[in-house]
Amino acid sequence: MVRWKEKRKKIIGCVLFCMLSFASFGQKETYINPGLLSASATLSPAIMLNRKEVNYYISGFFEGKITKHFSIRGDGYYLLGNAPTKFLKNKISAFIGFQYGYPFGNLELYTGLAPGFTYMQSNVNTANKEFNPSVQLNAGVRYYVWKYFHFTANFLYTHAQMHNLDRVNGMADELVFSVGLGFNFQALKKYRNPESN
Amino acid sequence: MRYFAVIAFCWLTAFGSHAQPLNIKKNQGGLFSLGVRSTSSFFGDVNSFGFGGQMRLQFADRLNTEWFADFTRGNIQHRANRTDYHIGWSVMYYLTKKLAPAVKPYILAGHCFDRTVIVDNSNKSHQIVKNSSAIQAGAGVHFNLTERLDITLIAQYMFHLGKDVHAHIHDDGELDLSMHKGTGIEGHLLLNVGINYKIADLWYGGKKKERK
């Protein structure tokens, strides 16, 4: 019983220490400012909405903050090797659009819209390769842990459709999920030392 | 790699220009901006979806011009596909003189050239191509996020002049592509949502020289 009490004290102490250091860290330095450039690359699973299939992508983004809330963002997706029984054989997407963020200290919730292009090839007819317009809607959360790093989790809906497949529904809408480590860099000198703000 | 470097350079240049305030001469004439947009077409033979880009050059406080190019694709019952290319321009008349209010509505009218290609999915050589001209009119609204950055919604009706192309699927399943000659009018509603960034006031440089 005594040992358990000691253990509990230690655990509570550790948690309090972490919370206090975390909070004080958050109060002193805020990295979400105009001029912040962010980028990341990660592995993303995707659920197809018109088929019972899951695809895997290498995904990445590059983003620049115009104001504390708004940024311009570019995204790219590359489909990893798929089984021949699946609908998609190849898919590469690129988007550019805007994003709105709600910063809470160094934590940011965001949502955005971006038009783009998608190159697709289906296992239904491998001779057919298409280049189609597409669009993405995304939402996510990010936590900036340091002036060069952040953690990110992103949900994304993409609309894309193949039009040249004969008597086959070419809808290729997907929900893409990605989690990972991102890199960030403050491009504007006046925001590089957040403590001074 | 070369393209990536060019895109990265443009991105950083546009981004760098944000750090500077948007300097304008006496009025808003000369404001130059660039943007991208998603386009959806409704009420035509085929509902289609596409991507486009535009540049704007403003001539007066209330008068702006938009020069655009769109690429849309649509599906005809999974038997054929339709691709449309639009390149054209519109004159925009603002209902307010303010530079960047939160909401800036306008009306527009313009002209464009277009190319339509309909292809049979079962036989790619079975296709029909039409080049024509169109006029468009409608209304739009800028949602100004900052002085330089806006999101724009546009609804416009586009009338295509000249020849008209159609895909008919007969009861026996046969696909027939046809072109109706003459001076027919084919129309469809275009809905655009886009993002636009004001690069600079092109007339501003001249003013600086005058001052010197």
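Located above this text is the structure these notes cover.
Residues numbered from 1 in each chain as written. Chains lettered and ligands numbered in written order. Predicted model: local features only at pLDDT ≥ 70, side-chain atom pairs only at ≥ 80, totals over all residues. Heavy atoms only, no water.

A few points about the packing of aromatic side chains
Next up, step 1: According to the stated counting rule, one finds 15 aromatic pairs over all chains in the structure shown.
Next up, step 2: Arranged with centres 5.6 Å apart and planes meeting at 55°, the rings of phenylalanine 149 of chain A and phenylalanine 183 of chain A form a pair that is tilted. Of this pair, phenylalanine 149 of chain A sits in strand S7 (residues 149–159) while phenylalanine 183 of chain A is found in strand S8 (residues 174–186), placing the two residues 34 residues apart along the sequence.
Next up, step 3: Classification of phenylalanine 149 of chain A by relative accessible area gives partly exposed; the value is 28%.
Next up, step 4: Look at phenylalanine 183 of chain A and you get partly exposed, because its relative accessible area is 46%.
Next up, step 5: Through a chain of ring-to-ring contacts, the aromatic side chains of Phe117 and Phe131 of chain A together with Phe51, Phe71 and Tyr85 of chain B assemble into a single cluster.
Next up, step 6: Arginine 51 of chain A extends its terminal NZ or CZ atom over the ring of phenylalanine 87 of chain A, reaching a point 3.6 Å from the ring centre.
Next up, step 7: Sitting over the ring of phenylalanine 61 of chain A, arginine 73 of chain A keeps its end group 4.3 Å from the ring centre. (Phe/Tyr/Trp six-rings, centres within 6.5 Å; stacked < 30°, edge-to-face > 60°. Helix = DSSP H or I, 4+ residues; strand = E, 2+ residues; numbered from the N terminus. Buried < 20%, exposed > 50% of the residue type's maximum accessible area, 1.4 Å probe, protein only. Lys NZ or Arg CZ within 6 Å of the ring centre and 35° of its normal.)

Observations concerning the pairing of S7 of chain A
All names here are of chain A.
Next up, step 1: One ladder, built from 10 bridges, connects strand S6 (residues 125–144) with S7; its direction is antiparallel. Looking at the pairing, tyrosine 143 lines up with phenylalanine 151 of S7.
Next up, step 2: Between S6 and S7, which pair antiparallel in sequence order, lie 4 residues.
Next up, step 3: Alignment of S7 against S8, held across 10 bridges, turns out to be antiparallel. Along S8, the bridge assignment pairs asparagine 154 with serine 178. (Pairing = 2+ DSSP bridges.)

A look at the side chain of threonine 65 of chain B
Residues and elements named next belong to chain B.
Next up, step 1: In this structure, threonine 65 sits in strand S3 (residues 63–76).
Next up, step 2: A polar atom in the side chain of threonine 65 sits 3.1 Å from the side chain of tryptophan 67.
Next up, step 3: In this view, threonine 65 contacts Met55, Arg56, Leu57, Phe59, Ser90, Val91 and Met92; residues no more than four positions away in its chain are not counted. (Polar contact = N/O pair within 3.5 Å; in protein donor to acceptor, adjacent residues only side chain to side chain. Contact = heavy atoms within 4.5 Å.)

Comments concerning the sheet that holds strand S4 (residues 88–104) of chain A
Residues and elements named next belong to chain A.
Next up, step 1: Judged by pairing direction, the barrel is antiparallel, and its 8 strands sit side by side in the order S1-S2-S3-S4-S5-S6-S7-S8 before closing back on the first. Averaged over all neighbouring strand pairs, the angle between strand axes comes to 25°, with direction disregarded.
Next up, step 2: In this sheet, S4 lies alongside strand S3 (residues 70–79) in antiparallel orientation, the contact comprising 9 bridges. Among the inter-strand pairings, arginine 73 is bridged to a residue of S4, identified as glycine 97. (Axes fitted to C-alpha atoms, helices over the stretch in contact; angles between N-to-C directions.)

Concerning the pairing of strand S6 (residues 123–144) of chain B
Two faces belong to every sheet, and in a regular strand the side chains alternate between them.
All names here are of chain B.
Next up, step 1: Sheet analysis places strand S5 (residues 103–120) next to S6, joined by 18 bridges and oriented antiparallel. Bridge pairing links histidine 111 to isoleucine 135 in S6.
Next up, step 2: Taking the residues that link successive antiparallel strands as the turn, the S5-S6 hairpin has 2 residues.
Next up, step 3: The pairing of S6 with strand S7 (residues 149–161) spans 12 bridges and is antiparallel. Note on S7: the bridge partner recorded for valine 141 is leucine 153.
Next up, step 4: Taking the residues between adjacent antiparallel strands as the criterion, S6 and S7 are bridged by 4 residues.

Notes on the environment of alanine 114 of chain A
All names here are of chain A.
Next up, step 1: Considering the arrangement of structural elements, one finds alanine 114 in strand S5 (residues 107–122).
Next up, step 2: Judged by relative accessible area, alanine 114 falls into the buried class, the value being 3%.
Next up, step 3: In this structure, the C-alpha to C-alpha distance between alanine 114 and threonine 158, residues 44 residues apart in sequence, is 9.5 Å.
Next up, step 4: In contact with alanine 114, other than residues within four places in its own chain, are Phe95, Ile96, Gly97, Val135 and Gln136.

Regarding the interface of chain A and chain B
Next up, step 1: Taken residue by residue, the interface counts 39 residues in chain A and 31 residues in chain B.
Next up, step 2: Each partner contributes to the roughly 2,800 Å² buried at the junction of chain A and chain B, and carbon and sulfur atoms together form 74% of this total.
Next up, step 3: The three residues of chain A that bury the most area against chain B are Ile66, Pro133 and His163 of chain A, which together make up 22% of that side's buried surface.
Next up, step 4: Linking chain A to chain B there are 2 salt bridges.
Next up, step 5: We note a salt bridge from arginine 73 of chain B to glutamate 130 of chain A, for which the minimum N-O separation is 3.1 Å.
Next up, step 6: Within the residue set of the side of chain A that touches chain B, elements represented by two or more residues are strand S1 (36–48), strand S2 (54–65), S3, S4, S5 and S6 of chain A.
Next up, step 7: No other element matches the 7 residues that S6 of chain A contributes to the side of chain A that touches chain B.
Next up, step 8: Classifying every residue of the side of chain A that touches chain B gives 18 nonpolar, 15 polar and 6 charged. (Buried area = accessible area lost by both parts, 1.4 Å probe. Salt bridge = Lys/Arg side-chain N within 4 Å of Asp/Glu carboxyl O. Nonpolar A, V, L, I, M, F, W, Y, C, P; charged D, E, K, R; others polar.)

Let's talk about the pattern of salt bridges
Next up, step 1: All told, the structure shown has 15 salt bridges over all chains when counted by the stated rule.
Next up, step 2: Among the ionic pairs, glutamate 174 of chain A bridges to lysine 91 of chain A, the shortest N-O distance being 2.7 Å. Taken as a pair, glutamate 174 of chain A in strand S8 and lysine 91 of chain A in strand S4 lie far apart in primary sequence, 83 residues in all.
Next up, step 3: A residue is classified by how much of its surface remains accessible, and glutamate 174 of chain A, at 1% relative accessible area, is buried.
Next up, step 4: Ionic pairing is found between arginine 82 of chain B and aspartate 84 of chain B, a salt bridge with its closest N-O pair at 2.8 Å. Like aspartate 84 of chain B, arginine 82 of chain B is buried.

As far as function goes, none of this settles anything; it's purely spatial.
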